[in-house]
Amino acid sequence: MEQAIIGYHRDAEGDWVAELACGHGQHVRHKPPWTVRPWVTTEEGRQSKLGALLECKRCGTLRPYVPADRDACLVLLRRSVPEHSASEDEAQFRDFLNRLPASYFVVEDDQGLLLASGGLVVEPSDPSRAKLCWCIVDPDRQRQGLGRAVALHCLRAAPAGVSRVHLETSHEREGFYEELALAAAHGLQSER
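Because the structure is predicted, anything quoted here is derived from the model rather than measured.

1. Describing the pattern of salt bridges
Moving on, step 1. Evaluated as defined, the whole model comprises twelve salt bridges.
Moving on, step 2. Residue Asp15 is joined to Arg29 by a salt bridge in which the shortest nitrogen-to-oxygen separation is 3.0 Å. Taken together, the residues Asp15 in the loop between strand 1 (2–10) and strand 2 (16–20) and Arg29 in the loop between strand 3 (25–27) and helix 1 (43–48) connect sequence positions 14 residues apart.
Moving on, step 3. Here Arg29 falls in the partly exposed class, since its relative accessible area comes to 32%.

2. Quick look at the side chain of Gln26
Moving on, step 1. Within the secondary structure, Gln26 is located in strand 3.
Moving on, step 2. Residue classification places Gln26 among the buried residues on the basis of a relative accessible area of 15%.
Moving on, step 3. When sequence neighbours within four positions are dropped, the list of residues in contact with Gln26 reads Trp16, Val17, Ala18, Leu20, Leu54, Glu55, Cys56 and Lys57.

3. Topic: the pairing of strand 6 (residues 103–108)
Moving on, step 1. Across the six residues that make up strand 6, a large majority, five, are buried.
Moving on, step 2. By the bridge criterion, four bridges tie strand 5 (residues 61–64) to strand 6 in an arrangement that is antiparallel. Of the residues in strand 6, the one forming a bridge with Arg63 is Val106.
Moving on, step 3. Relative to strand 7 (residues 114–122), strand 6 runs antiparallel, the two sharing six bridges. Paired with Val107 across the two strands is Ala116, which belongs to strand 7.

4. Examining the sheet that holds strand 2
Moving on, step 1. Pairing within the open sheet is antiparallel, and its four strands lie in the order 3-2-1-4. Of all strands in the sheet, those with a lone pairing partner are strand 3 and strand 4 (53–55), marking the two edges. Taken over all neighbouring pairs, the strand axes of this sheet differ in orientation by 55° on average, direction set aside.
Moving on, step 2. Across three bridges, the pairing between strand 1 and strand 4 is antiparallel. Looking at the pairing, Ala4 lines up with Leu53 of strand 4.

5. Regarding the environment of Arg79
Moving on, step 1. Tracing the sequence through the fold places Arg79 in helix 2 (residues 70–80).
Moving on, step 2. Along the primary structure Arg79 and Asp138 are separated by 59 residues, whereas in three dimensions their C-alpha atoms are 6.6 Å apart.
Moving on, step 3. Among residues more than four places away in sequence, those in contact with Arg79 are Asp138, Pro139 and Asp140.
Moving on, step 4. Within the structure, the side chain of Arg79 is placed 2.8 Å from the side chain of Asp138, a separation counted as a polar contact.

6. Brief notes about the environment of Ala4
Moving on, step 1. By secondary structure assignment, the location of Ala4 is in strand 1.
Moving on, step 2. According to the relative accessible area criterion, Ala4 is buried, its value standing at 8%.
Moving on, step 3. The contact partners of Ala4, leaving out residues within four places of it in the chain, are Glu19, Leu20, Ala21, Gly51, Ala52, Leu53 and Arg148.

7. Topic: the pairing of strand 7
Moving on, step 1. The buried fraction of strand 7 is high, at eight of nine residues.
Moving on, step 2. The turn linking strand 6 back onto strand 7 is made up of five residues, and Gly112 within it adopts a positive phi angle of 90°.
Moving on, step 3. Sheet topology places strand 7 next to strand 8 (residues 129–137); six bridges connect them, and they run antiparallel. Paired with Val122 across the two strands is Ala130, which belongs to strand 8.

8. Here's the deal with the nonpolar core
Moving on, step 1. Counting 30 residues, the largest nonpolar core has Val28 and Leu146 as the members making the most contacts within it.
Moving on, step 2. At the level of elements, strand 1, strand 2, strand 6, strand 7, strand 8, helix 4 (146–156) and strand 9 (164–167) are the ones that each hand at least two residues to this core.
Moving on, step 3. At six residues, helix 4 tops the list of elements feeding residues into this core.
Moving on, step 4. Residues within four places of Val28 in sequence aside, it is in contact with Tyr8, Trp16, Val17, Ala18, Arg37, Trp39, Val40 and Leu54.
Moving on, step 5. One finds Phe93, Leu97, Ala102 and Ile136 within the second-largest nonpolar core, a separate group that totals 16 residues.

Quick notes on the rules
- Residue numbers restart at each chain and count upward from 1, following the sequence in its written direction.
- Local features in this predicted model are restricted to residues whose pLDDT is 70 or higher, and side-chain atom pairs enter the listing and the counts only when it is 80 or higher, whereas totals over whole chains, interfaces and linings include all residues.
- Only hydrogens and water are removed before side-chain values are computed, so all heavy atoms of the structure are retained for them.
- In what follows, salt bridge is the name for a side-chain nitrogen of Lys or Arg lying within 4 Å of a carboxyl oxygen of Asp or Glu.
- Every helix listed is a DSSP run of H or I at least four residues long, and every strand listed is a run of E at least two residues long, numbered separately from the N terminus.
- Each residue is placed in one exposure class: buried if its accessible area under a 1.4 Å probe, protein chains only, is under 20% of its type's maximum, exposed if it is over 50%, and partly exposed if it falls in between.
- Contacts are assigned to residue pairs that have any heavy atoms within 4.5 Å of one another.
- Strand pairing is assigned whenever DSSP detects at least two bridges linking the two strands.
- To get an axis, fit a line to the C-alpha atoms, keeping to the stretch in contact for a helix; angles then go from 0 to 180 degrees between the N-to-C directions.
- Each polar contact in these results corresponds to two N or O atoms within 3.5 Å; when the atoms are within protein, one needs to be able to donate a hydrogen and the other to accept it, and residues that are neighboring in sequence are counted only if both atoms are side-chain atoms.
- Think of a nonpolar core as a cluster: buried Ala, Val, Leu, Ile, Met, Phe, Trp, Tyr and Cys residues, connected wherever their side-chain atoms sit within 4.5 Å.

Written out as structure tokens, the structure is:
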């Protein structure tokens, strides 16, 4: 799964390692002709790649939702919001997954355990508007860039013509989306 580069360090052999938002590291070597990354050889080059996305093999695989993921997604919701596990939220989420009116994605680890999910629904009455919906991250994996990666993937998957994204989230999560400035970063106008 793609993660943002937030810094660098050298390993014991002197090779550069990109520090990723998820907390993992990934080598960014310049070893032509097999690996060509001339930017890694200078401080300016490395600084120019801060914020760029790299595939983090340790974070899991981001893929489209399939119906077999339904029960695992419901468990993810219960783990994320235990005080709402038997609430209206769970019934609404189950209904959403059963009819799937959106592009929806999940992140799974190498054992097949779901770590995060999220989707984007295009408004039927106005195809220029969409809503980021049901973005959920396992509590044990929060603050590792999974939510950001899912939300960015959803926005990148938006059909042509979508120019505005409506964010509907809990008060506790508002800051997360504001900090990301997701819509602005992708040429979309954020609505609240």
